2 protein chains.
Amino acid sequence: MNNFTFYSPTYFVFGKDEENNAGKYVKRFGGRKVLLHYGGGSVVRSGLLDRVKTSLKQEGLSFVELGGVQPNPRSGLVYQGIELCRRENVDFILAIGGGSTIDSSKAIAAGTVYEGDFWDFYMGKPVTKALPIGTILTIAAAGSEGSPDSVITKEEGMFKRGASGEAYRPAFSILNPALTQTLPPYQTACGITDIMAHLFERYFTNTKDVEVTDRVIEGLLMTMIHEAPKVIENPNDYQARANIMWAGMMAHNNCCGVGRDQDWASHDLEHELSALYDCAHGAGLAVVFPAWMEYNMHHDVMRFAQVANRVWGCAMDFQHPEITAKAGIRAFRNFLRSIGMPQTMKELGGKEEDIPYLAHTAAYGNGNNGTLGGFVVLQEEDMANIYRLTL
Amino acid sequence: MNNFTFYSPTYFVFGKDEENNAGKYVKRFGGRKVLLHYGGGSVVRSGLLDRVKTSLKQEGLSFVELGGVQPNPRSGLVYQGIELCRRENVDFILAIGGGSTIDSSKAIAAGTVYEGDFWDFYMGKPVTKALPIGTILTIAAAGSEGSPDSVITKEEGMFKRGASGEAYRPAFSILNPALTQTLPPYQTACGITDIMAHLFERYFTNTKDVEVTDRVIEGLLMTMIHEAPKVIENPNDYQARANIMWAGMMAHNNCCGVGRDQDWASHDLEHELSALYDCAHGAGLAVVFPAWMEYNMHHDVMRFAQVANRVWGCAMDFQHPEITAKAGIRAFRNFLRSIGMPQTMKELGGKEEDIPYLAHTAAYGNGNNGTLGGFVVLQEEDMANIYRLTL
C-alpha cells in the first residue's frame with residue numbers, strides 16, 4: 001500500500017424529500033446569493049426547481065438562475081455562468097441535476113473567482129479556489145457530488161477535458177433516490193455502467209497488498225450487480241435506487257481508491273468517443289471497458305481471476321487461471337447487455353476510419369504525452385487496437 | 001434504507017513517517033499552543049514523542065504535555081488536562097496513542113471550553129463545542145481517529161460511559177501502520193476484535209434493503225480475516241498492519257453504518273466487563289459478542305446465514321439455514337481463539353456472582369431505561385442470560 005491522504009469533507013444528506021431542506025444547508029454553508037444551475041426541462045416539469053426555490057425563499061435567500069446544461073457540458077454555458085455570477089455577486093452555486101450540471105457548476109465556481117480563462121484549469125492548472133458548491137443530485141452515476149473532479153467539453157474542436165482540486169468538493173450534497181425514479185432505463189443503465197467503471201479504474205492496479213480497498217471495491221461491484229436488474233425491471237424501486245446511489249458516491253469519493261495506483265485509461269478513451277459522437281458517457285464506457293480488459297488481461301491474469309471469482313462468482317480454475325479471468329470479462333459483457341448497454345462503437349455512431357484520430361487525440365490531447373493508464377501504460381497504437389476491438 | 005446524513009470531515013494522512021509532518025497539520029488546522037496528550041512509556045521510549053516535538057518546533061509551535069493515559073481512560077486525568085489547557089491557553093489537542101488517549105483528548109477538548117462538569121457530556125448532553133483535535137494513532141482499533149465518539153471511565157464507582165458529537169471528530173489523523181508494529185500480539189488481537197465488533201454492531205439490523213452497506217461491511221470483515229493471521233504470525237508485517245489500520249477507520253467513521261438501525265448492545269455489555277475487571281475492551285468483546293450472537297440468532301436466522309456464507313465461506317444449507325447461521329458463529333469463535341483472544345468471562349477475572357450487578361448496571365446505568373440494543377431489544381434478564389453464556 002502506498003502512503004496517501006484522504007479527505008472527503010462533503011456533508012451528505014440522503015433520503016426522501018431532503019431537497020426541501022436545500023435552503024437550510026445553503027445557509028449553513030455560508031451562501032447568501034445563490035446561482036441555481038440546471039439542465040433541461042425535467043427539473044422544471046417535475047416541480048423540483050419550484051420546491052428548491054421555495055426552500056431558498058423560506059430561508060430568506062435570493063437567487064438567480066441558469067438552465068440549459070447539456071450532457072457533456074459545454075464551455076459556452078460556463079462562460080455565461082461566470083459572467084452572471086460576477087454581475088450578480090453570487091456567493092454560492094447550487095447544482096440541480098446530474099454529473100453534467102455539477103461539473104458545469106464546478107467550472108463556474110472556479111472561473112468566477114479566477115482572473116484568467118477558466119479553461120486553464122482544464123489544461124492542467126490545479127483548482128485551488130472556487131465559490132462553495134451544493135448539489136441536489138437527480139441521477140446516480142457521476143460521483144461528482146462527492147469528488148474533486150469536473151469534466152467540460154470545449155466547443156471549439158469538441159475537446160473534452162478534466163480538472164481537479166479540493167476546492168471542487170461540494171460543501172453539501174443532497175441525494176434523494178426518489179428523484180432518480182423518473183430516469184428512463186437507458187440513462188439509468190448508463191449511470192450504473194459509469195459507477196462500475198469508477199470502481200474498475202481503481203481495481204486494476206499494480207500496487208500490491210491492497211486487500212482492504214480490493215474488498216470494498218468488490219463489495220460495491222456486487223451491490224451494483226445485485227441492485228441493477230431491479231431498477232431496470234422496475235424504475236420506481238426506491239430501495240434499489242437508494243443502494244445504487246450510495247454505492248455511486250462511495251465509488252468515487254476515493255475511500256476505496258486510496259493507497260493504490262489507479263488506471264483511468266478507459267475513461268480517457270471514452271472521453272474521445274463522447275466528445276466526437278456525443279454519446280452518453282456510460283454508453284461509451286460499456287463499449288470501451290470490456291475491450292480494455294480483454295486487451296490487458298495478460299498483464300496480471302490473477303487480478304482478473306480474482307475479480308471474476310469474488311465478484312462474478314466464476315469458479316476458479318486453479319490450473320488455468322486465464323479461463324477464470326476470461327469468464328469474468330464475459331460476465332461483465334453479459335451484464336452490460338442485460339441492462340441494455342451497447343456493445344460496439346458502431347452502435348454509438350462510431351466509424352472505423354475515425355480510429356486513428358481518436359487514438360491520436362486520446363494520446364496527445366489534454367496535455368498528455370502520448371501514453372494513457374497506470375495498470376498498463378498504453379501507447380497510441382494500443383489505444384487504436386482497443387478501439388478496434390470495439391468494432 | 002432510512003434517511004441519513006453522513007459527514008466525515010477528518011483529514012486522514014496515512015503511511016510511513018507521516019508523524020514527522022504533525023506540526024504542519026497542526027498549523028494548517030489552526031493550532032498555535034498545543035497540548036501533547038499520551039499514555040505510558042512506549043510513546044516516549046520509541047522516540048515518537050521526540051519526533052513529534054521536533055516537528056512542532058520546526059513549525060514554531062509551542063506545547064505543554066500531559067502523559068499517563070491508562071487503558072479505559074479515567075476522569076481524573078481529564079480534569080487535570082482541562083485545568084492545564086485553561087491555565088496554558090491551549091488551543092489545540094494532539095493525541096498520541098490509541099483509542100484511550102484519543103478519547104481522553106476529546107473529553108479534555110470539550111471540557112476546556114465548557115463551564116460545567118465535562119462529565120455532563122458522558123451523562124447524555126450532546127457535545128457541540130470543543131477545541132480542535134489532531135491524532136497520531138499507534139494502535140489500529142478504536143476508530144476514534146475518525147469518529148465523533150469518546151468513552152471515559154469515572155473513577156468513583158468505575159462507571160464507563162460514552163459521549164458523542166460532531167465537535168469530537170478530529171481535524172486530522174495521522175495513521176502510520178509502522179507505529180503499530182511494536183504492539184504485542186495480545187493487544188493487536190484486541191484491536192482486531194474491536195474493529196470486527198464495530199462492523200458487526202452495524203451489520204445486525206432490522207432495516208431492510210441495505211445491500212450496499214451490507215456488502216461494504218462484509219468486505220471489511222473479510223479483510224480482517226485475511227490480514228489478522230499475518231500480523232499475529234509476524235508483528236512486523238507492515239502491509240497487513242496497513243490494511244487493518246484503514247479497515248479500522250472505515251469500520252467506524254460510519255460510511256458503512258448509514259441508513260440502517262444499529263445494535264450496540266454488545267459494546268454496552270462489554271463496557272461493564274472492562275469497567276469492573278479492567279480488562280481490555282477487545283478481550284471483553286471477544287467474550288461477549290459470540291454469546292450475544294448465539295442468544296439472538298433466532299431473531300433473524302437468514303441474516304446470520306448471510307454473514308456465515310458471504311464472510312466465513314460456510315456453505316449455505318438451503319433446507320436448514322440455521323445450520324449455516326450456527327456455523328458462522330462457530331467460525332467467528334474459532335477465529336478469535338486462533339488470534340489468542342479469551343473465550344470466557346472467567347479468563348477476564350469475571351465471577352458468576354457478579355452477573356446480577358453487571359446486568360443491572362448495563363440496563364440502568366448511563367441514563368439507560370432498562371433496555372439495550374436495536375436488533376433485539378434486551379431486558380435486564382436477557383443481559384444476565386448473555387453474561388451466563390460466557391461463563
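Remember, predicted model here, so these are calculated numbers, not experimental data.

Caption draft 1: Molecular detail of the overall build of chain A. Tallying secondary structure elements over chain A gives 14 helices and eight strands in all. The proportion of buried residues among the 391 residues of chain A is 58%. Of the contacts formed within chain A by residues at least 6 apart in sequence, a portion of 78% connects residues at least 24 apart.

Caption draft 2: How the structure looks around the packing of helix α10 (residues 281–296) of chain A against helix α14 (residues 380–389) of chain A. All names here are of chain A. Across the interface, α10 lies against α14 with an axial gap of 8 Å and an inter-helix angle of 120 degrees. Compared by their axis directions, α10 and α14 come out oblique. For α10 against α14, the interelement crossing comes out right-handed. Seen from α10, the contacting residues are V288, A291, W292, E294 and Y295; seen from α14, they are N385, I386 and L389. Here the contact of α10 with α14 is built from residues that sort into six nonpolar, one polar and one charged.

Caption draft 3: Structural view of the pairing of strand β5 (residues 133–137) of chain B. Residues and elements named next belong to chain B. For β5, the buried fraction is high: five of the five residues fall into the buried class. In β5, alternate side chains face the same way, and those of I133, T135 and L137 on one face and G134 and I136 on the other are all buried. Where strand β4 (residues 92–97) and β5 come together, five bridges link them in parallel fashion. Residue pairing for β5: I96 is matched across the bridge by I136. Read from β4 through helix α5 (residues 99–112) to β5, the crossover connection turns out right-handed.

Caption draft 4: Expanded view of unusual backbone geometry. A positive phi angle is found at A:N89, which is not glycine, with a value near 55 degrees. Residue placement: A:N89 occurs in the loop between α4 (75–88) and β4 (92–97). A tally of 10 C-beta atoms within 10 Å means that A:N89 is categorised as exposed. Phi is positive for B:D278, which is not a glycine, with a value near 55 degrees. Relative to the helices and strands, B:D278 resides in the loop between α9 (265–277) and α10 (281–296).

Caption draft 5: Examining the nonpolar core more closely. By size, the foremost hydrophobic cluster in this structure holds 262 residues, and its most contacted members are A:L94, A:L220 and B:L220. Beyond its immediate stretch of four places on either side in the chain, A:L94 contacts A:A22, A:V26, A:V34, A:L35, A:L36, A:H37, A:G134 and A:I136.

Caption draft 6: The sheet that holds strand β2 (residues 33–38) of chain B, seen in detail. Pairing in this open sheet of 12 strands is mixed, and the strands run β3(A)-β2(A)-β4(A)-β5(A)-β8(A)-β1(A)-β1(B)-β8(B)-β5(B)-β4(B)-β2(B)-β3(B) from one edge to the other. The sheet is open, and its two edges are formed by β3 (62–66) of chain A together with β3 (62–66) of chain B, each paired on a single side. Strand-to-strand twist across the sheet, computed as the mean angle between neighbouring axes with direction ignored, equals 25 degrees. Examined bridge by bridge, β5(B) and strand β8 (residues 172–175) of chain B share four bridges and lie parallel to one another. Within the sheet, the bridge partner assigned to B:L137 lies in β8(B) and is B:L175. Contacts from α5(B) reach β2, β4 and β5 of chain B within the one sheet, and its direction differs from that of β4(B) by about 165 degrees.

Caption draft 7: Quick peek at the pairing of strand β1 (residues 4–14) of chain A. In this sheet, strand β1 (residues 4–14) of chain B lies alongside β1(A) in antiparallel orientation, the contact comprising seven bridges. Opposite A:T5, over in β1(B), you have B:V13 as the bridge partner.

Caption draft 8: Focus on the relation of the copies chain B and chain A. Screw-axis analysis of chain B against chain A gives a translation of 0.0 Å along the axis, an RMSD of 0.0 Å, and a rotation angle of 180 degrees. Both copies of the chain, as the preceding transformation shows, are related through a two-fold rotation axis. Distance from the rotation axis, computed per C-alpha, reaches its smallest value in chain B at B:P9: 2.0 Å. Take the interface residues of chain B: 97% of them recur as interface residues in chain A, which is what a same-surface contact looks like.

Caption draft 9: Representation of the interface of chain B and chain A within the structure. At the interface, 36 residues of chain B touch 36 residues of chain A. Elements with a minimum of two residues in the side of chain B that touches chain A: β1, α7 (211–233) and α8 (238–252) of chain B. At 11 residues, the largest contribution of residues to the side of chain B that touches chain A is made by α7(B).

Caption draft 10: Broad picture of the environment of A:P170. Residue position: A:P170 is located in the loop between β7 (159–164) and β8 (172–175). Sequence separation between A:P170 and A:I102 is 68 residues, and the spatial gap between their C-alpha atoms is 9.1 Å.

Caption draft 11: Just the domain arrangement of chain A, in detail. Residue and element names in this part refer to chain A. Annotation of chain A at the domain level lists domain 1 (11–179) and domain 2 (185–389). Once you take the C-alpha centre of each, domain 1 and domain 2 turn out to be 27 Å apart. The element contributing the most residues to the side of domain 1 that touches domain 2 is β7, with three residues. Of the residues contributing to the side of domain 1 that touches domain 2, the split by class is 13 nonpolar, six polar and three charged.

Caption draft 12: Inspection of helix α7 (residues 211–233) of chain A at higher detail. Residue and element names in this part refer to chain A. Here α7 is 23 residues long and its end C-alpha atoms lie 34 Å apart, about the 33 Å a rise of 1.5 Å per residue gives. Of all the bends in α7, the greatest reaches close to 30 degrees and is centred on E227; the proline P229 follows between one and four positions later. With 17 of 23 residues buried, α7 lies mostly within the body of the structure.

Caption draft 13: Region of the structure containing α4(A). Residue and element names in this part refer to chain A. With 14 residues, α4 ought to run about 20 Å at 1.5 Å a step, and its terminal C-alpha atoms sit 20 Å apart, in line with that. Looking only at α4, the buried set comprises S75, L77, V78, G81, I82 and C85. Around the axis of α4, the buried residues are gathered within 150 degrees of arc, so they sit on the same side. Buried positions along α4 lie against β2 (33–38), β3, α5 (99–112) and β6 (149–154). After α4 finishes, the residue N89 shows a positive phi value of roughly 55 degrees.

Caption draft 14: Examining the environment of B:F121 more closely. Tracing the chain through its elements places B:F121 in the loop between α5 and β5. Not counting residues within four places of it along the chain, the set of residues in contact with B:F121 comprises B:A110, B:V127 and B:A163.

The rules we used
- Residues numbered from 1 in each chain as written.
- Chains lettered and ligands numbered in written order.
- Predicted model: local features only at pLDDT ≥ 70, side-chain atom pairs only at ≥ 80, totals over all residues.
- Helix = DSSP H or I, 4+ residues; strand = E, 2+ residues; numbered from the N terminus.
- Buried ≥ 20, exposed ≤ 12 C-beta atoms within 10 Å, placed from the backbone.
- Contact = placed C-beta atoms within 7 Å.
- Axes fitted to C-alpha atoms, helices over the stretch in contact; angles between N-to-C directions.
- Parallel < 35°, antiparallel > 145°, perpendicular 65-115°, else oblique.
- Left-handed = near helix turned anticlockwise from the far one by under 90°.
- Nonpolar A, V, L, I, M, F, W, Y, C, P; charged D, E, K, R; others polar.
- Pairing = 2+ DSSP bridges.
- Right-handed = clockwise from strand over helix to strand, strands pointing away.
- Core = buried A, V, L, I, M, F, W, Y, C linked by C-beta atoms within 7 Å.
- Least-squares fit on C-alpha atoms with pLDDT ≥ 70 in both.
- Domains from an automatic or database assignment.
- Expected span 1.5 Å × (residues − 1).
- Bend = angle between axes of the 7 residues up to and from the residue.
- Arc of directions from axis to C-beta.

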